[in-house]
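# A closer look at the structure
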Amino acid sequence: MNAPLPLHALDAPLSHAHLDALEEETIFLLREVAAVFERPTLLFSGGKDSLVMLHCAEKAFGCGRLPYPLLMIDTGHNFPEVTAFRDQRAQELGADLIVRSVEDSMARGTVRLSRPDESRNAHQSVTLLEAIEEFRFDALIGGARRDEEKARAKERIFSHRDSFGQWQPKQQRPELWTLFNTRLQPGEHFRVFPISNWTELDVWQYIARENIALPPLYYAHQREVVERRGLLVPVTPLTPPRDGEVVQTRTVRFRTVGDITCTCPVESPAASALDIVRETVQANVSERGATRMDDQTSDASMEKRKLEGYF
């Protein structure tokens, strides 16, 4: 484990020069998708990465002029503060927002839970593939970053998916400079990740520099939690305390937001983006490693889900 940086090192201002290059690359890729594909969409959850990407899209095309709709796959167990913020931003931008629900897939019988309290997070793959077929999307723009997790570090920026929506790591195409092979056979599509080269620190520096509004869950607030397997699990009707667990009220924030049943906060007093930048400089555990219960089941959890069509 790395030793924490001395306080005087944290007080030194961080350079923002690299953010211009990252922003320029992201804008180029967002425009490339609009130029190359016939039916693209931008995956938009209301989380920090998708909000950064949406901010870059505003710069790329202008407010109210997005050339593709926004798509959200809702498990039905998302934090209400995040879905409300999602709807608000889409309305402010005048963007078309398409929401498809895992609960609808359950009603159709295409998703079946092994038990009532099973997390629906992994089942988003089925609903996503159904939405792709419904709207015949040929490119889905996502906010995944390579620093998040091992499987995502293998991704190309233009990630090819076969006719079953599957990711085959050995069949990905070379990406030389800014040349991308975007040819598709019928039924295939691409997942495109314009912020692949960003890190969590880059994202927070950019949020601070651009003054991007986020759902309040990202900043310090009081919340009831229990300690479980090294994580702070929020106490909710979907994640009640187990026998023997002690409910505590802690000052926490979320590093990432997703399905309530598998997303945990971290203890933190950070009340602003600049506070979070200071914390992130010292972090030695990735945001998914520190907050996601579903990634702790196996070292290959994410890769397995991606092979099945996950984001």
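You'll find the structure just up there.
Report follows, based on the coordinates. Model, not experiment: these values are computed from the prediction.

## Some details on the nonpolar core
- Within the largest apolar cluster, 51 residues are counted, with the highest numbers of intra-cluster contacts made by Leu30, Phe158, Trp204 and Ile207.
- Of all the secondary-structure elements, those providing two or more residues to this core are α2 (17-36), α3 (48-61), α4 (80-93), β4 (139-141), β6 (189-192), α8 (200-210) and α9 (273-282).
- Element by element, the count of residues in this core is highest for α3, at eight residues.
- Once residues within four sequence positions are removed from consideration, isoleucine 207 is found in contact with Lys48, Val52, Ile212, Leu214, Tyr219 and Ala273.
- Formed by eleven residues, the second largest nonpolar core is a distinct cluster that contains Leu43, Val102, Phe137 and Leu140.

## Brief notes about the packing of α2 against α3
- At a closest axis distance of 9 Å, the pairing of α2 and α3 adopts a crossing angle of 70 degrees. In terms of their interaxial angle, α2 and α3 are classed as roughly perpendicular. Here Glu23, Thr26, Ile27, Leu30, Arg31 and Ala34 of α2 lie close against α3, whose contacting residues are Met53, Cys56, Ala57, Lys59, Ala60 and Phe61.
- Tallied by class, the residues present in the contact of α2 with α3 amount to eight nonpolar, one polar and three charged.

## Structural notes on the pattern of salt bridges
- Going through the model one piece at a time under the given rule, you end up with 23 salt bridges.
- As a salt-bridge pair, glutamate 245 and arginine 228 come within 2.7 Å of each other at their nearest N and O atoms. Highlighted residues: glutamate 245 in the loop between β8 (231-234) and β9 (248-253) and arginine 228 in strand β7 (residues 221-228), separated in sequence by 17 residues.
- One salt bridge in this structure joins arginine 250 and glutamate 267, with 3.0 Å as the shortest N-O distance. Of this pair, arginine 250 sits in strand β9 while glutamate 267 sits in strand β10 (residues 266-267), placing them 17 residues apart in sequence.
- Overlapping salt bridges, with partners in common, bring together Asp20, Glu23, Lys59, Arg209 and Glu210 in one network.

## Points about the packing of aromatic side chains
- Under the criterion given, the structure shown has ten aromatic pairs.
- Members of the aromatic cluster, joined through ring pairs, are Phe37, Phe158, Phe180 and Phe190.

## Regarding the pairing of strand β1 (residues 40-43)
- Burial of β1 is two-sided: the residues Pro40 and Leu42 facing one way and the residues Thr41 and Leu43 facing the other way are all buried.
- As paired strands, β1 and strand β2 (residues 70-74) are joined by two bridges and run parallel to one another. Among the inter-strand pairings, leucine 42 is bridged to a residue of β2, identified as leucine 70.
- A crossover links β1 with its parallel partner β2, the connecting element being α3, and its sense is right-handed.

## What about α2?
- When the terminal C-alpha atoms of α2 are compared, their 30 Å separation across 20 residues agrees well with the 28 Å that a helix rising 1.5 Å per residue should span.
- Residues of α2 that are buried include every one of Leu19, Leu22, Glu23, Thr26, Ile27, Leu29, Leu30 and Val33, and no others. Along α2, the residues classed as buried sweep out an arc of 160 degrees about the axis, all on the same side. Turned more than 90 degrees away from the buried face of α2, the exposed residues are Ala17, Glu24 and Ala35.
- Residues of α2 that are buried make contact with β1, α3, β4, β5 (158-161), β6 and α8.

Rules behind the numbers
- Residues numbered from 1 in each chain as written.
- Predicted model: local features only at pLDDT ≥ 70, side-chain atom pairs only at ≥ 80, totals over all residues.
- Heavy atoms only, no water.
- Core = buried A, V, L, I, M, F, W, Y, C linked by side-chain atoms within 4.5 Å.
- Buried < 20%, exposed > 50% of the residue type's maximum accessible area, 1.4 Å probe, protein only.
- Helix = DSSP H or I, 4+ residues; strand = E, 2+ residues; numbered from the N terminus.
- Contact = heavy atoms within 4.5 Å.
- Axes fitted to C-alpha atoms, helices over the stretch in contact; angles between N-to-C directions.
- Parallel < 35°, antiparallel > 145°, perpendicular 65-115°, else oblique.
- Nonpolar A, V, L, I, M, F, W, Y, C, P; charged D, E, K, R; others polar.
- Salt bridge = Lys/Arg side-chain N within 4 Å of Asp/Glu carboxyl O.
- Phe/Tyr/Trp six-rings, centres within 6.5 Å; stacked < 30°, edge-to-face > 60°.
- Pairing = 2+ DSSP bridges.
- Right-handed = clockwise from strand over helix to strand, strands pointing away.
- Expected span 1.5 Å × (residues − 1).
- Arc of directions from axis to C-beta.

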